[in-house]
Structure formats: structure tokens, C-alpha cells
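Chains, contacts and geometry: an overview
Spelled out from the first residue to the last, the chains are:
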Amino acid sequence: MASGRHLALMAHFTHPQELRPQVVRDAMRRVRGTGAVIRCQGPLVAGINDSAEAWAELWDVTTTLGAVPYYQFVERDTGPQGYFGVPLARGHQIFRDAYARVSGLARTVRGPVMSAMPGKVCVDGVAEVAGEKVFVLHLIQARDPELVDRPFFAAYDEGATWFTDLKPAFGTEFLPGLEPG
């Protein structure tokens, strides 16, 4: 931009249906016409968008409309989270399956991500390490900058839906200075 400033707008879309009305498409076109960048994020919600098909379509459509897929969030640990939450293992599988279906332009998205007390925790995958099934995680952002982008492991728990449900793998701590609370 001529002013030397960059404007990024964070849009929140939960389902591709929200992008179908022409008024939404026109609004996105007008915002982009100002030079602003639109980044899109949304939560993974049971019964609403808990399928790879829904997420792949959402990321494809936002990309087609000139927006940048940003985060797939894990439903926050709130009262109704028990009803809308998706277990982390299933959430990661949905993310991975959707990610595999989209073009490289939509692969700017990260997830599943939890905005937890230590920072933004990303579930990178499920693996077997030293004979133990584990979640592979890292912090995208952290209150302690020393923890950013350092991989750590949690014991696999098929029912875990939030960071505080996880226990460190291998009988140790997650990372020095990292507490789930």
C-alpha cells in the first residue's frame, strides 16, 4: 500500500455454507479491493463441520475468493465444549484428510490449534516413539518465546479434547517451563 501499512482482516467461517451468499462474496471482494488481506479461521465443531469434506471445501472456497486459510481451531474448553468438542485424535485426522485434498494455495492453514494458557498449541500428528503412541505437538505462539516451535509429546488419549486433558509422554514433563494449566 502507498502508506507503507499492511492491513490483514481475520474472518471467521465455520462452514462453507457461510460463503455461498453473494453478499458475503461481494463483501470479501470489496475488502480485498482496498488492498487488505483476508485470513480465515474457524473452530472444529461436532455435528457442524466435523468432516474432511467440509474443511476441504471451506479452504478451497476461501482460497478461490482470494482469502488465506489460517487456523482450524479446537473448540475451546468451555461449558458447552462437551457437546460441540471433537477429540484431538479425530480432529487431527479430519485436518490431515482435508489438508491432503486441497491445493498448495490452501495449505497455508494450520491446525488443529488450541488457544491454551501457554499459547497456541498445534497438534502435528500421532506417532509411535520408543514403543509409545503419542501426540506430537508444538507451540505456534507462546507466553515464553523460548517454547515457540519446539516439538513436545503427550501420551495418546483417544478421548482428550483439550490441552489440559493431555499428560506428558514418557513419564516426563512436556517442556521445561510448559504447564498445561
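Our subject in this report is the structure included herewith. As the structure is a computational prediction, the values presented were derived from the model and not from experiment. Chains are numbered independently. Their residues run from 1 in the order of the written sequence. Under the rules for a predicted model, residues below a pLDDT of 70 receive no local features and side-chain atom pairs below 80 are neither given nor counted, while totals for whole chains, interfaces and linings still include all residues. Derived side-chain values reflect all non-hydrogen atoms in the structure, with water molecules and hydrogen atoms excluded from consideration.

A short note on the overall build of the protein
Helix and strand definitions here come from DSSP, where helices need a minimum of 4 consecutive H or I residues and strands a minimum of 2 consecutive E residues; each element is numbered from the N-terminal end. The helix and strand tally for the protein stands at 4 helices and 7 strands. What you see in the protein, going N to C, is helices and strands ordered as β-α-β-α-β-α-α-β-β-β-β. For this measure, only C-alpha atoms enter the radius of gyration; the expected value for a globule follows 2.2 Å times N^0.38, where N is the number of residues. Whereas a compact globule of 181 residues would reach a radius of gyration of roughly 16 Å, the protein reaches 17 Å, a difference of no more than 12%. Projected onto the principal axes, the alpha-carbon positions of the protein cover approximately 55 × 40 × 35 Å. The criterion used for residue contact is that any of the two residues' heavy atoms lie within 4.5 Å. Within the protein, counting contacts between residues at least 6 apart in sequence, those at least 24 apart form 58% of the total. Only carbon and sulfur atoms are counted for the fraction: they give 53% of the accessible area of the protein, which is about 9,400 Å². A distance of 11 Å separates the average location of the 18 positive side-chain charges in the protein from that of its 20 negative side-chain charges. Every accessible area reported is derived by Shrake-Rupley at a probe size of 1.4 Å, with residue values counting cover from the shown protein chains alone. As used throughout, the charge tally considers Lys and Arg to be positive and Asp and Glu to be negative, leaving His and the chain termini uncounted. Every charge is mapped to an atom, namely NZ of Lys, CZ of Arg, CG of Asp or CD of Glu.

Focus on the packing of aromatic side chains
Each aromatic pair joins two rings of Phe, Tyr and Trp (for Trp, the six-membered one) with centres within 6.5 Å, and gets the label stacked for planes under 30 degrees apart, edge-to-face for over 60, and tilted for any other angle. Here the structure, examined in full by the defined rule, presents 11 aromatic pairs. These aromatic residues form a ring-pair network of at least three members: Trp-55, Trp-59, Phe-95 and Tyr-99. Any Lys NZ or Arg CZ found within 6 Å of a ring centre and within 35 degrees of that ring's normal is scored as a charge over the ring. A cation over a ring is seen here: Arg-107 above Tyr-99, with NZ or CZ 5.1 Å from the ring centre.

Considering the sheet that holds strand 5 (residues 119-129)
Sheets are built from strands paired through backbone hydrogen bonds, the pairs being either parallel or antiparallel. Strands pair, by our definition, only if DSSP identifies at least two bridges between them. Ordered by their spatial adjacency, 7 strands build an open sheet running 1-2-3-4-5-6-7, and the pairing between neighbours is mixed. For this open sheet the edge positions go to strand 1 (8-12) and strand 7 (152-155), each flanked by a neighbour on one side alone. Averaged over all neighbouring strand pairs, the angle between strand axes comes to 40 degrees, with direction disregarded. By the bridge criterion, 5 bridges tie strand 1 to strand 2 (residues 37-44) in an arrangement that is parallel. Each bridged residue has a counterpart across the sheet, and for Ala-8 the counterpart in strand 2 is Val-37. Helix 2 (residues 52-64) rests against strand 2 and strand 3 (68-74) of the sheet, and its axis sits at about 150 degrees to strand 3. Orientation is described by lines fitted to C-alpha atoms, with helices fitted over the stretch in contact, and by angles between N-to-C directions that extend from 0 to 180 degrees.

Structural notes on the nonpolar core
In these notes, a set of buried Ala, Val, Leu, Ile, Met, Phe, Trp, Tyr and Cys residues joined through side-chain atoms within 4.5 Å is what counts as a nonpolar core. Buried means the residue's accessible area, taken with a 1.4 Å probe over protein chains only, is under 20% of the maximum for its type, while exposed means over 50%, and partly exposed covers the values in between. By size, the foremost hydrophobic cluster in this structure holds 24 residues, and its most contacted members are Phe-13, Leu-19, Met-28, Trp-55 and Trp-59. If one sorts the elements of this core by residue count, helix 2 sits on top with 6 residues. With residues near it in sequence (within four places) discarded, Phe-13 still touches Glu-18, Leu-19, Val-24, Met-28, Cys-40, Gln-41, Gly-42 and Leu-58. Grouped together as the second largest cluster of nonpolar side chains are 20 residues, Leu-137, Leu-147, Phe-152 and Leu-175 included.

Notes on the pattern of salt bridges
The working definition used for a salt bridge is a side-chain nitrogen of Lys or Arg within 4 Å of a carboxyl oxygen of Asp or Glu. Taken as a whole, this structure holds 4 salt bridges when the rule is applied. Where Arg-20 meets Glu-57, a salt bridge forms, and the shortest distance between an N and an O atom there is 2.4 Å. On the criterion of sequence distance, the pair formed by Arg-20 in the loop between strand 1 and helix 1 (22-33) and Glu-57 in helix 2 is long-range, its members being 37 residues apart. The partner of Arg-101 in a salt bridge is Glu-53, with the nearest N and O atoms 3.1 Å apart. Note that Arg-101 is positioned in helix 4 (residues 88-101) and Glu-53 in helix 2, a separation of 48 residues in sequence. Arg-101 gets classed as partly exposed once you look at its relative accessible area, which sits at 46%. Residue classification places Glu-53 among the partly exposed positions, given a relative accessible area of 45%.

Details of the packing of helix 2 against helix 4
Contact geometry for helix 2 and helix 4: axes closest at 8 Å, N-to-C directions at 45 degrees. Classed by the angle they form, the pair helix 2 and helix 4 counts as oblique. Crossing of helix 2 against helix 4: the hand is right-handed. In this structure, helix 2 contributes Ala-52, Glu-53, Trp-55, Ala-56 and Trp-59 to the contact, and helix 4 contributes Ile-94, Phe-95, Asp-97, Ala-98, Tyr-99 and Arg-101. As a working rule, the residues Ala, Val, Leu, Ile, Met, Phe, Trp, Tyr, Cys and Pro are called nonpolar, Asp, Glu, Lys and Arg charged, and the rest polar, with Gly in that last group. Residue composition of the contact of helix 2 with helix 4, by class: 8 nonpolar, no polar and 3 charged. When an angle is under 35 degrees it counts as roughly parallel; over 145 it counts as roughly antiparallel; between 65 and 115 it counts as roughly perpendicular; any other value is oblique. In this scheme, a crossing is called left-handed if the near helix is turned counterclockwise away from the far one by less than a right angle; it is called right-handed if the turn is clockwise.

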